[in-house]
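Inside the fold
Below, each chain spelled out in residue letters.
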Amino acid sequence: MENTFDTIIIGGGPAGLTAGIYLARGKAKVLILDTATIGGQMILTHAIANYPGVEEVSGYQLSTTMKKQAKSFGCQIKSNIKITDFSIESESKSVTVNDKIIYNSKSIILATGGRSRMLNVPGEEKFKGQGISYCATCDGDFFQDREIIVVGGGNSAMEEAVSLTKYASKVTVLHEFDHFQAFEHAITEAKENPKIDYIMESRITEFFGKDKLEKVQYKNQKTGKVSEKQIDGVFIFIGYQANTDMFKNTSLKLNQWNEVVADEMMKTNIDGVFVAGDLREKRIRQVTTAVADGTIAAVSALDFLHNK
Ligand SMILES: Cc1cc2nc3c(=O)[nH]c(=O)nc-3n(C[C@H](O)[C@H](O)[C@H](O)COP(=O)(O)OP(=O)(O)OC[C@H]3O[C@@H](n4cnc5c(N)ncnc54)[C@H](O)[C@@H]3O)c2cc1C
């Protein structure tokens, strides 16, 4: 019985940890599994200023507190593990870790989050959170009266470029094509904004700086000309990926972007399988929305366990 749980939560970001807190407080036996360090994308954030009730906190500190809280209510947590097999479709669920330990449960909460698409050019990893951001809502405020670049040409890039003009003194949209893929109204709004200008048909090739981002190098796709620009920040909006690869060969319902489809109680199409956080089909991806999802998924899982 040692390896048998009421609920296994896959993913220990804010969604998974919150689900763990609510389930454990509801007297369920809970295991949280994470392939990396507990905390999820929060750990990548040097300062979270929009989590209510906490004026400003480092992502690391917030995740440490959430983890402590989950443990204090009795959640078992295993980080830096590898899930080598799992079964979520039958009535009894199981997850195999590191090819040797099999954990069984009556229900599962999927909370594997997601990640922004990266440019994958030199310097990007180094300056992530130190001048390079993938989230205007999270980091826009740190660029008050600074000059920034927005990379991308879709709806997110155009809309966020406009929203970032609330903070930045100048926003340059840098896009690889000679036209934008965004809706006409988003393009028009950006074009009418006097703080925004454009570098078209170009791709960033490298980021430079000491401790913080200071400069980008970019290349014109047509002429091959390489240029440099001093810059305070770069926001990258070239798409988002839900961490759902491991579920692709199951009957779990995903949308065309491979995000998990669920109802408002976080129930998926598989009985006893719930979802919470950034991997699900939704528009706003924040710590607040992840913890809200985690709460709802846990309550749904508790109802499911009770009815069993
Ligand atoms: C740079 C940056 C700054 C941000 N700043 C803010 C901010 O200021 N305010 C704010 O509200 N939001 C911010 N966000 C967004 C916020 O961090 C996310 O919306 C939130 O963390 C999503 O929580 P989650 O639990 O759904 O997923 P995640 O935080 O992505 O956590 C998912 C967890 O699942 C684990 N995992 C993935 N795959 C597997 C697997 N196969 N098996 C087991 N575990 C797996 C991951 O290791 C991770 O720990 C920021 C995001 C980034 C990237």
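This text gives an overview of the structure that appears in the document. As a convention, each chain's residues are numbered from 1 in the sequence order in which they are written. Per-residue local features of the predicted model are confined to residues with pLDDT of at least 70, and side-chain atom pairs are confined, for both listing and counting, to 80 or more; whole-chain, interface and lining totals are unaffected and use all residues. No hydrogens and no water enter the side-chain calculation; it runs on all heavy atoms of the structure.

**Focus: the pairing of strand β10 (residues 170–174)**
Residue burial is assigned from relative accessible area. The probe radius is 1.4 Å, only protein chains are included, and a residue is buried under 20% of its type maximum, exposed over 50%, and partly exposed in between. Going along the chain from the N terminus, every DSSP run of H or I of four or more residues is numbered as a helix, and every run of E of two or more is numbered as a strand. By the criterion of burial, β10 is predominantly enclosed, with four of the five residues buried. By convention, a crossover is right-handed whenever its connection, traced from the first strand over the helix to the second and viewed with the strands pointing away, goes clockwise. Handedness of the crossover joining strand β9 (residues 147–151) and β10 through helix α5 (residues 155–164) is recorded here as right-handed. Of the strand pairs in this sheet, β10 and strand β11 (residues 196–199) are connected by four bridges, and their pairing is parallel. Across the sheet, residue Val 173 finds its bridge partner in β11, namely Tyr 198. Each parallel crossover has a hand, and for β10 linked through helix α6 (residues 184–191) to β11 it is right-handed. Pairing between strands is defined by DSSP: at least two bridges between them are needed.

**Observations concerning the site of the ligand**
In this text, near means that some heavy atom of the residue lies within 4 Å of the molecule or strand in question. Taken together, 31 residues lie around the ligand, and Asp 34, Gln 41, Asn 50, Asp 278 and Val 287 are the ones closest in. Any pair of N or O atoms that falls within 3.5 Å is considered a polar contact. Within protein, one atom must be able to donate a hydrogen and the other to accept it, and sequence-neighbouring residues count only if both atoms are side-chain atoms. Between the ligand and Ala 15 there is a distance of 2.9 Å, counted from an oxygen atom to a backbone nitrogen or oxygen. Protein chains shield 91% of the accessible area of the ligand, which is 1,000 Å² for the free molecule. Only α1 (14–25) and α7 (287–307) provide two or more residues apiece to the shell around the ligand. The residue classification treats Ala, Val, Leu, Ile, Met, Phe, Trp, Tyr, Cys and Pro as nonpolar and Asp, Glu, Lys and Arg as charged. All others, Gly included, are polar. Residues belonging to the shell around the ligand are distributed by class as follows: 13 nonpolar, 15 polar and three charged. Computed by Shrake-Rupley with a 1.4 Å probe, the accessible areas treat only the displayed protein chains as cover when residues are assessed.

**Section: the side chain of Thr 96**
Structurally, Thr 96 is set in strand β5 (residues 93–97). Residue contacts are counted whenever heavy atoms from the two residues lie within 4.5 Å of one another. Apart from residues no more than four positions distant in its own chain, Thr 96 is found in contact with Lys 82, Ile 83, Thr 84, Asp 85, Ile 101 and Ile 102.

**A closer look at the state of the cysteines**
Here, the term disulfide refers to a pair of cysteine sulfur atoms separated by no more than 2.5 Å. Evaluation of the coordinates by the stated rule reveals one disulfide. One disulfide bridge connects Cys 135 with Cys 138, the sulfur atoms lying 1.9 Å from each other. Judged by the sign of its S-S torsion, about 70°, the cystine formed by Cys 135 and Cys 138 is right-handed. Accessibility expressed as a relative area gives 25% for Cys 138, which makes it partly exposed.

**A word on the sheet that holds β9**
Taken together, the five strands give an open sheet; going across it, the order is β8-β15-β9-β10-β11, and neighbouring strands pair in parallel fashion. With partners counted over all chains shown, the strands left at the sheet margins are β8 (132–133) and β11, one partner each. Across five bridges, the pairing between β9 and β10 is parallel. Residue pairing for β10: Ile 149 is matched across the bridge by Thr 172. Axis angles are defined between N-to-C directions and span 0 to 180 degrees, where every axis is a line fitted to C-alpha atoms and, for a helix, only to the segment in contact. Relative to β9, α5 is tilted by about 165°, and along the sheet it contacts β9, β10, β11 and β15 (233–236).

**Let's talk about the packing of aromatic side chains**
When the centres of two rings from Phe, Tyr and Trp lie within 6.5 Å, Trp using its six-membered ring, the rings pair. Their planes under 30 degrees apart give stacked, over 60 give edge-to-face, and anything left gives tilted. On inspection of all chains with the given rule, the structure shows six aromatic pairs. Geometrically, the ring pair formed by Phe 274 and Phe 304 is edge-to-face, given 5.9 Å between the ring centres and 70° between the ring planes. Residue Phe 274 is located in strand β17 (residues 273–275), and its partner Phe 304 is located in helix α7; the two are separated by 30 residues in the primary sequence. Each of the two residues, Phe 274 as well as Phe 304, counts as buried. Connected via pairs of aromatic rings, a cluster forms that spans Phe 143, Phe 235 and Phe 237. A ring is scored as having a charge over it whenever the NZ atom of a lysine or the CZ atom of an arginine sits within 6 Å of its centre and within 35 degrees of its normal. Across the ring face of Phe 5, the terminal group of Lys 29 is positioned such that the distance to the ring centre comes to 4.8 Å. Seen from the ring of Phe 208, Lys 215 lies directly overhead, with NZ or CZ sitting 5.2 Å from the centre.

**Observations regarding the nonpolar core**
Definition of nonpolar core: a set of buried residues of the types Ala, Val, Leu, Ile, Met, Phe, Trp, Tyr and Cys, connected through side-chain atoms within 4.5 Å. Counting residues in hydrophobic clusters, the biggest one holds 33 residues, and the most contacted among them are Ile 9, Leu 23, Val 30, Leu 62, Met 66, Ile 109 and Val 287. For this core, the secondary-structure elements that each account for two or more residues are α1, β2 (30–33), α2 (59–72) and α7. With eight residues, α7 is the largest single contributor of residues to this core. For Val 287, the contacting residues outside a window of four places in its chain are Pro 14, Met 42, Ile 48, Tyr 51, Leu 62 and Met 66. Membership of the second largest hydrophobic core comes to 21 residues, among which are Ile 8, Leu 31, Ile 83 and Val 275.

**What to know about the layout of surface pockets**
Empty space within the second largest pocket amounts to approximately 190 Å³. Points on a 1 Å grid over protein atoms alone make up a cavity when a 1.4 Å probe fits among them but cannot get out, and a pocket when they form an open set with protein on both sides within 12 Å along at least five of seven lines; lining residues each have an atom within 4 Å of a point. Together, Thr 18, Ile 21, Tyr 22, Arg 25, Tyr 51, Leu 62, Thr 65, Met 66, Gln 69 and Val 291 line the second largest pocket. Contributions of two or more residues to the lining of the second largest pocket are made by α1 and α2. Its residues assigned to classes, the lining of the second largest pocket comprises six nonpolar, three polar and one charged. Grid points are joined across faces, edges and corners, and a volume is the space filled by probe spheres set on the points.

**Looking at a nonpolar patch on the surface**
Side chains of Tyr 22, Met 265 and Val 299 sit close together on the surface and give an oily, nonpolar patch of about 240 Å² of accessible area. Considering the arrangement of structural elements, one finds Tyr 22 in helix α1. Look at Tyr 22 and you get partly exposed, because its relative accessible area is 40%. Residues enter a patch when their relative accessible area is above 30% and they make no salt bridge; the linking distance is 9 Å between like charges and 5 Å between nonpolar side chains (Val, Leu, Ile, Met, Phe, Trp, Tyr). Salt bridges, as used here, are contacts in which a Lys or Arg side-chain nitrogen is within 4 Å of a carboxyl oxygen on Asp or Glu.

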